[in-house]
Amino acid sequence: MANIPRQSVPYRFDAFCKKVLRNEAVDYLLQMRQQYQREMSFSDLSYSELQSLCYTEEYPSDSFTFTAHGCELRIDNEQVAEVFVELSPTEQSILILRFVMDKNKRDSNGVLTGRPGTVYDVNIKYTAPNGEKKTYSKKGFPTKKEATQHEAEMKAKLHNPGQIASIASQRKQTVASYLNEWVESYARVNLRPSTYDGYKKTIANYINPYIGGVALNQLTPAMVDKMFQQIIDKGLKPSTAAGAKRVLSVALSHARKYRYIETNAAKDTLTKFGKSDKTPDPYTPEQVKALMQRVEGTVWEMPVILGGLYGMRRSEILGLRWRNVDLENNTFDVSEQLPFKVPPKTKVIEEMAPPKSNGRKLPITELARPFFLKQFAMQEAQREQAEKDGKPYYDNDLVVAKPDGSPISASWVSSQFGKLLEDLNMPHIRFHDLRHTAATNMHQLTGDFYTVGEVLGHTLAGIGVSLGLSMNFEAVTARYVDVRLERKKEVLDAYHGTVKQADPAKAEKAEPKKAKKKSSDLEL
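Small disclaimer: the values here were computed from a predicted structure and weren't measured.

What counts, and where the lines are drawn
Residue positions are given per chain, counting from 1 as you read along its sequence in written order. It should be noted that, the model being predicted, local features are given only for residues of pLDDT at least 70 and side-chain atom pairs only at 80 or more, the latter also being counted only at that level, while totals for whole chains, interfaces and linings use all residues. Computation of side-chain values covers all heavy atoms of the structure but excludes hydrogens and water. The secondary structure listing takes helices from DSSP runs of H or I that are at least 4 residues long and strands from runs of E that are at least 2 residues long, numbered from the N terminus. Only protein chains enter the calculation, and the probe is 1.4 Å; a residue is then buried if its accessible area is under 20% of its type maximum, exposed if over 50%, and partly exposed in between. Contacts were defined at the residue level, with two residues in contact if any of their heavy atoms lie within 4.5 Å. Strand pairing is assigned whenever DSSP identifies at least 2 bridges connecting the two strands. Any Phe, Tyr or Trp ring, taking Trp's six-membered ring, that has another such ring centre within 6.5 Å forms a pair; planes under 30 degrees apart are called stacked, those over 60 apart edge-to-face, and the others tilted. Note on method: axes are straight lines fitted to C-alpha atoms, helices fitted across the in-contact stretch only, with angles between N-to-C directions ranging 0 to 180 degrees. Convention used here: angles under 35 degrees read as roughly parallel, angles over 145 as roughly antiparallel, angles from 65 to 115 as roughly perpendicular, and any remaining angle as oblique. Each residue receives one of three labels: charged for Asp, Glu, Lys and Arg, nonpolar for Ala, Val, Leu, Ile, Met, Phe, Trp, Tyr, Cys and Pro, and polar for the others, Gly being one of them. Confidence of the predictor in every single residue is expressed as pLDDT, which spans 0 to 100. The set of buried Ala, Val, Leu, Ile, Met, Phe, Trp, Tyr and Cys residues whose side-chain atoms join them within 4.5 Å is what this entry labels a nonpolar core. By definition here, a salt bridge exists when the distance from a side-chain nitrogen of Lys or Arg to a carboxyl oxygen of Asp or Glu is within 4 Å. The patch calculation keeps residues exceeding 30% relative accessible area without a salt bridge and links them within 9 Å when they carry like charges or within 5 Å when they are nonpolar (Val, Leu, Ile, Met, Phe, Trp, Tyr). Per-residue and other accessible areas were derived by the Shrake-Rupley procedure at a 1.4 Å probe size, with only the shown protein chains allowed to occlude residues. Expected helix span is computed as 1.5 Å times (number of residues minus one). Counted charges follow a simple rule, with Lys and Arg positive, Asp and Glu negative, and His plus the chain ends left uncounted. The atoms used to mark charge sites are NZ of Lys, CZ of Arg, CG of Asp and CD of Glu.

Peer 1: Help me out: how do you make sense of the overall build of the chain in this one?
Peer 2: Scanning the chain from terminus to terminus reveals 19 helices and 7 strands. Across the 524 residues that make up the chain, the buried fraction comes to 39%. Expressed as a percentage of contacts within the chain between residues at least 6 apart in sequence, the contacts between residues at least 24 apart total 63%.

Spelled out as structure tokens, the structure:
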């Protein structure tokens, strides 16, 4: 470097680099000195100091919660909890109060230890709107912080005359009154009509008769477990009790968010529901072809084609209209469905309901096209015959309809399909299982679960459930996968072609039965 002039570019660059590196070294040494002054090695800490740095995560699912008179008892041992459930409600209340109210049985974290500890109570004196002196109390807070926070919240509410009545009503609110209000204010507004109707029936038939009179804030997991047992002892299926648990759990989770209750009693239950109701195996292509042949020329022909070959939902089939069928381009749109609970003897449908999923366009395959043409010609003949006979024909433009054009009841399809299969000596499945049949066969033949989901109008998670697959399908979205009509046709052609070539003689046969009135002849 001695030979390089000081004013040259290389010399100045070299000097600049040395200056930068020197300053960086100084900064690093200063930083290390400050770090050394402020930090300490774990090996230098005492045992008590190390213990204070430890934290054990606790989750509600790791323990079982029981409540009585506003007091809460958590049991971590599953065997102890099972024994506790067998006790009578009175015995449970006595034990809960014994442990929770005894201030020498909880530590500062609210955990039962058997060693001296402390719990905290809140007692607030206030004046009611009518001038009467009253006391609000809640006991058993595991930490002083929680008790102080609750005290501050309640003082603010109790000093507001408008809040006092609300607090008093919440403390007296029963499970039945809350559920009846919840199903109207939440379920009716946010859920589909069929789901709302199902929730309402479940609450009325399987929840309120057993725990409806219990105060909402006094409901315990033990009471809910007892309700499940009573439902099963009554001769009902475990799936009925499991359905009641789902509805109750959703409702109580909303009550907890509203601060009506502190814990969700339905989530801490011990009852386990096994898979008692085995879903029937989906039909094979041979069985699908056998069913198609046996319903040919009956009112069941088109519903079986649309359900068994395309996997359409019952209400989508009954709500499909000819205006959405393009026979020229061999496509049809599933953009609407029959409204929920059409009144009996309805003749004219003023307005259809939107489908459960987003609308979808499906191709009419070579196998399906003759059935569409046959159905159209049959309905034209029915219309002409009605005119000749001087009888009314209700032109609802429905692809599947009664001989007079009026809509077919969805409940009739579900109730009569089982009788149809019995008369035809076919294995028993529900009408909805035709949808599972189409999904399973299309997936087994192509392996393209996403396109199968698009054909069925399923979400990715929904098609995964139908096919029994456990994957994070939500990670794959339509943003990245574009299913074109051509690909849907390829998947449907693979399935429909297999059905067309199938030998119905290989379909499972049942023993012949005595002749009965055929379901196809029953009144629609």
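Peer 1: It is not clear to me how the pairing of strand E2 (residues 71-75) should be interpreted in this structure. Could you clarify?
Peer 2: Taken residue by residue, a regular strand's side chains alternate between the two faces of the sheet. Covered by surrounding structure in E2 are Cys 71, Leu 73 and Ile 75 only, the residues Glu 72 and Arg 74 on the alternate face being uncovered. Of the strand pairs in this sheet, strand E1 (residues 64-68) and E2 are connected by 5 bridges, and their pairing is antiparallel. Paired with Thr 67 across the two strands is Glu 72, which belongs to E2.

Peer 1: Where do I start with the packing of aromatic side chains in this structure?
Peer 2: To describe a pair of aromatic rings, one takes the distance between the centres and the angle between the planes. Taken as a whole, this structure holds 10 aromatic pairs when the rule is applied. Seen in terms of ring centroids, Trp 182 and Tyr 199 are 6.0 Å apart; in terms of plane orientation they differ by 20°. Their pairing is stacked. Here Trp 182, found in helix H7 (residues 175-190), pairs with Tyr 199, found in helix H8 (residues 193-211); they are 17 residues apart in sequence, far enough to count as distant. With respect to burial, Trp 182 and Tyr 199 carry one shared label: buried. Taking 5.5 Å as the distance between ring centres and 40° as the angle between the ring planes, the aromatic pair formed by Tyr 258 and Tyr 260 counts as tilted. When its relative accessible area of 56% is taken as the criterion, Tyr 258 is described as exposed.

Peer 1: What should I look at first to understand the side chain of His 254 in this one?
Peer 2: Examined against the element boundaries, His 254 turns out to sit in helix H10 (residues 238-257). Look at His 254 and you get buried, because its relative accessible area is 17%. Filtering out sequence-adjacent residues up to four positions away, His 254 remains in contact with Tyr 178, Trp 182 and Tyr 186.

Peer 1: Looking at this structure, I do not really get the packing of helix H12 (residues 301-310) against helix H19 (residues 485-501). What am I missing?
Peer 2: Helix-helix packing is characterised by the crossing angle of the two axes and by the distance between the axes. At their nearest, the axes of H12 and H19 sit 10 Å apart, and the two run at 120° to each other. With respect to their mutual orientation, H12 and H19 come out oblique. Taken together, the residues of H19 that come into contact with H12 (itself represented by Gly 308, Leu 309 and Tyr 310) are Leu 492, Tyr 495, His 496 and Val 499. In the contact of H12 with H19, the residues fall into 5 nonpolar, 2 polar and no charged.

Peer 1: Is there a simple way to think about the confidence of the model for the chain in this case?
Peer 2: When pLDDT drops low, the exact placement of atoms in the prediction is not to be read closely. Looking at the chain, pLDDT values average 80 and 77% of them are 70 or higher. Between the elements of the chain, mean pLDDT differs from a low of 52, seen in helix H18 (residues 460-467), to a high of 96, seen in H12. Counting contacts from residues 103-116, a segment whose pLDDT is below 50, to residues more than four positions away or on other chains yields 38 contacts. Residue range residues 509-524 is modelled with pLDDT below 50. Its contacts to residues more than four positions away, or to other chains, number 27 contacts.

Peer 1: Help me understand the nonpolar core in this model?
Peer 2: Inside soluble globular proteins, nonpolar side chains tend to come together where they are buried. Membership of the largest hydrophobic core comes to 56 residues, with the highest contact counts inside it found for Leu 291, Leu 306, Tyr 310 and Phe 332. Setting aside anything within four residues of it in sequence, one finds Tyr 310 in contact with Ile 305, Phe 332, Leu 362, Pro 363, Ile 364, Thr 365, Ala 368, Ala 438, Val 455, Leu 456, Leu 492 and His 496. Among the nonpolar cores identified, the runner-up in size contains 27 residues, and Leu 216, Val 247, Leu 252 and Ala 266 belong to it.

Peer 1: What is the right way to look at the sheet that holds strand E6 (residues 331-334) in this model?
Peer 2: Sheets are built from strands paired through backbone hydrogen bonds, the pairs being either parallel or antiparallel. With respect to topology, 3 strands assemble into an open sheet ordered E5-E6-E7, the strand pairing being antiparallel. Edge positions in the open sheet fall to strand E5 (325-326) and strand E7 (360-363), since each of these has one partner strand only. With 4 bridges joining them, E6 and E7 adopt antiparallel strand pairing. Pairing of Phe 332 across the sheet is with Leu 362, part of E7.

Peer 1: Even after reading the chapter, I still don't get the environment of Ile 96, so can you show me in this structure?
Peer 2: Along the chain, the position of Ile 96 falls in helix H4 (residues 89-101). Residues Ile 96 and His 69, spaced 27 residues apart in sequence, show a C-alpha to C-alpha distance of 9.2 Å.

Peer 1: I keep staring at the pattern of salt bridges and nothing clicks. Help me out?
Peer 2: Pairing between side chains becomes possible if they bear opposite charge and their charged atoms approach one another. The final tally for this structure, using the stated rule, is 19 salt bridges. Residue Asp 197 is joined to Lys 201 by a salt bridge in which the shortest nitrogen-to-oxygen separation is 3.3 Å. Here Lys 201 and Asp 197 lie together in helix H8, a separation of 4 residues that amounts to about one turn. Judged by its relative accessible area of 16%, Asp 197 falls in the buried class. What you see here is one network of salt bridges that share partners, running through Glu 184, Arg 188 and Lys 200.

Peer 1: Mind showing me how you'd approach a nonpolar patch on the surface here?
Peer 2: A contiguous nonpolar surface patch, about 330 Å² in accessible area, is contributed by Tyr 28, Leu 29 and Met 32. On the secondary structure map, Met 32 appears in helix H1 (residues 9-38).

Peer 1: Help me out: how do you make sense of H10 in this one?
Peer 2: Two residues of an α-helix separated by three or four positions point the same way, owing to the 3.6 residues in each turn. Along its 20 residues, H10 runs 29 Å from first to last C-alpha, staying within 8% of the 28 Å computed at 1.5 Å per residue. Backbone geometry just downstream of H10 places Arg 259 in the positive-phi region, at approximately 70°.

Peer 1: Is there a simple way to explain helix H16 (residues 433-446) in this structure?
Peer 2: With 14 residues, H16 should reach 20 Å at 1.5 Å per residue; the first-to-last C-alpha distance of 20 Å fits that figure. Across the 14 residues of H16, 11 count as buried, placing the element largely inside the fold. Listed in full, the buried residues belonging to H16 are Asp 433, Leu 434, Arg 435, His 436, Thr 437, Ala 438, Ala 439, Thr 440, Asn 441, Met 442 and His 443. Immediately beyond the C-terminal end of H16, within one or two residues, lies Gly 447, with a positive phi of roughly 75°.

Peer 1: Would you mind showing me how to read the packing of helix H11 (residues 285-294) against H12 here?
Peer 2: Running from N to C, H11 and H12 cross one another at 170°; their axes reach a closest spacing of 10 Å. Relative to H12, the element H11 is oriented roughly antiparallel. Contacts from Val 288, Leu 291 and Met 292 in H11 reach Val 304, Ile 305 and Leu 309 in H12. Its residues assigned to classes, the contact of H11 with H12 comprises 6 nonpolar, no polar and no charged.

Peer 1: It is not clear to me how a positive patch on the surface should be interpreted in this structure. Could you clarify?
Peer 2: Together, Lys 157, Arg 256, Lys 257, Arg 259 and Lys 267 make up a positively charged patch on the protein surface. By the secondary structure assignment, Lys 267 is in the loop between H10 and H11.

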